[in-house]
Amino acid sequence: MTVPVPRVGVGCLLCREDGFILVGMRKGSHGSGEYALPGGHLEFGENWDECAVREVEEETGLKLDISRVKFAAVNNFVIPEIQKHYVTIIMRTDVPADAQPQNLEPQKLEEWLWVKWNGIPEPIFKPLSLLIESGYNPF
């Protein structure tokens, strides 16, 4: 039997000055139907900020200033029933209040929503719920 190996995910908090963050409802993968941050898998040789910038642009079309993308938190979660283990690095950056994300991966995402940090709809994808439970506040 092959033992599964942990994967590294990177999520990015896109924070508007009015207190809203961007979340999307996942589909077609683990966490389907749950609200999550934009993000994805870290590629070989990639820095965390590079991954955040790449994933946000691939998923939303928004172009981030890499010098403003900063480490926020890290969490660890295991989903034994589907043999998945993730270490998720959360990055954070500010975006303009008029930022308009596009759904560039409709096969993986239902929609993007701007929501207040304390008003993220449920169900919430595990890495984001762990971040909330930790007491972290991006503002």
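A few points on the structure. (Residues numbered from 1 in each chain as written. Predicted model: local features only at pLDDT ≥ 70, side-chain atom pairs only at ≥ 80, totals over all residues. Heavy atoms only, no water.)

**Overview of the overall build of the chain**
Then, number 1: Of regular secondary structure, the chain possesses 2 helices and 7 strands.
Then, number 2: Computed over the C-alpha atoms, the radius of gyration of the chain is 14 Å, within 12% of the 14 Å expected from 2.2 N^0.38 for a compact globule of 139 residues.
Then, number 3: If you line up the chain on its principal axes, its C-alpha atoms span 50 × 35 × 30 Å.
Then, number 4: When the 139 residues of the chain are sorted by exposure, 42% land in the buried category.
Then, number 5: For the chain, long-range pairs separated by at least 24 residues make up 65% of all intrachain contacts whose partners lie at least 6 apart in sequence. (Helix = DSSP H or I, 4+ residues; strand = E, 2+ residues; numbered from the N terminus. Rg over C-alpha atoms; globule rule 2.2 N^0.38 Å. Buried < 20%, exposed > 50% of the residue type's maximum accessible area, 1.4 Å probe, protein only. Contact = heavy atoms within 4.5 Å.)

**Remarks on the layout of surface pockets**
Then, number 1: Size it by volume and the largest pocket reaches roughly 610 Å³.
Then, number 2: Considering the residues around the largest pocket, the lining is formed by 30 residues, among which R26, G39, G40, E59 and F125 are closest to the centre.
Then, number 3: Looking at the lining of the largest pocket, the elements with two or more residues in it are β1 (7-16), β2 (20-26), β4 (39-41), α1 (48-60), β6 (84-95), β7 (109-116) and α2 (126-133).
Then, number 4: For the lining of the largest pocket, the class distribution of residues is 12 nonpolar, 11 polar and 7 charged. (1 Å grid on protein atoms, 1.4 Å probe; cavity = no way out; pocket = protein on both sides within 12 Å on 5 of 7 lines; lining within 4 Å. Points joined across faces, edges and corners; volume = space filled by probe spheres on them. Nonpolar A, V, L, I, M, F, W, Y, C, P; charged D, E, K, R; others polar.)

**Topic: the pairing of strand β5 (residues 70-79)**
Then, number 1: Pairing of β5 with β6 involves 9 bridges; the strand directions are antiparallel. The partner of F77 across the bridge, within β6, is Y86.
Then, number 2: Counted between consecutive antiparallel strands, the loop separating β5 from β6 contains 4 residues, among which Q83 sits at a positive phi close to 55°. (Pairing = 2+ DSSP bridges.)

**Some thoughts on the side chain of R54**
Then, number 1: You can see R54 is positioned in helix α1.
Then, number 2: Its relative accessible area of 17% is what places R54 among the buried residues.
Then, number 3: At 3.5 Å, the side chain of R54 and the side chain of E43 are in polar contact.
Then, number 4: The residues contacting R54, other than those within four sequence positions of it, are H41, E43 and E46. (Polar contact = N/O pair within 3.5 Å; in protein donor to acceptor, adjacent residues only side chain to side chain.)

**Things to note about the packing of aromatic side chains**
Then, number 1: As enumerated under the stated definition, the model contains 4 aromatic pairs in all.
Then, number 2: When the ring of W48 is compared with that of F71, the centres are 5.7 Å apart and the planes differ by 40°; the resulting orientation is tilted. Residue W48 is found in helix α1, and its partner F71 is found in strand β5; the two are separated by 23 residues along the sequence.
Then, number 3: Exposure remark for F71: the relative accessible area of 45% places this residue in the partly exposed category. (Phe/Tyr/Trp six-rings, centres within 6.5 Å; stacked < 30°, edge-to-face > 60°.)

**Thoughts on the nonpolar core**
Then, number 1: Among the nonpolar cores identified, the biggest contains 18 residues, and C12, L14, L64 and M91 are the most heavily contacted of them.
Then, number 2: Taken together, the elements giving at least two residues each to this core come down to β1, α1, β6 and β7.
Then, number 3: With 4 residues, the single largest contributor to this core is α1.
Then, number 4: Excluding its chain neighbours within four sequence positions, the residues that come into contact with M91 are V10, G11, C12, L13, W48, D49, A52, V69, K70, F71 and A72.
Then, number 5: L13, I21, A72 and L128 belong to the second largest nonpolar core, which has 14 residues in total. (Core = buried A, V, L, I, M, F, W, Y, C linked by side-chain atoms within 4.5 Å.)

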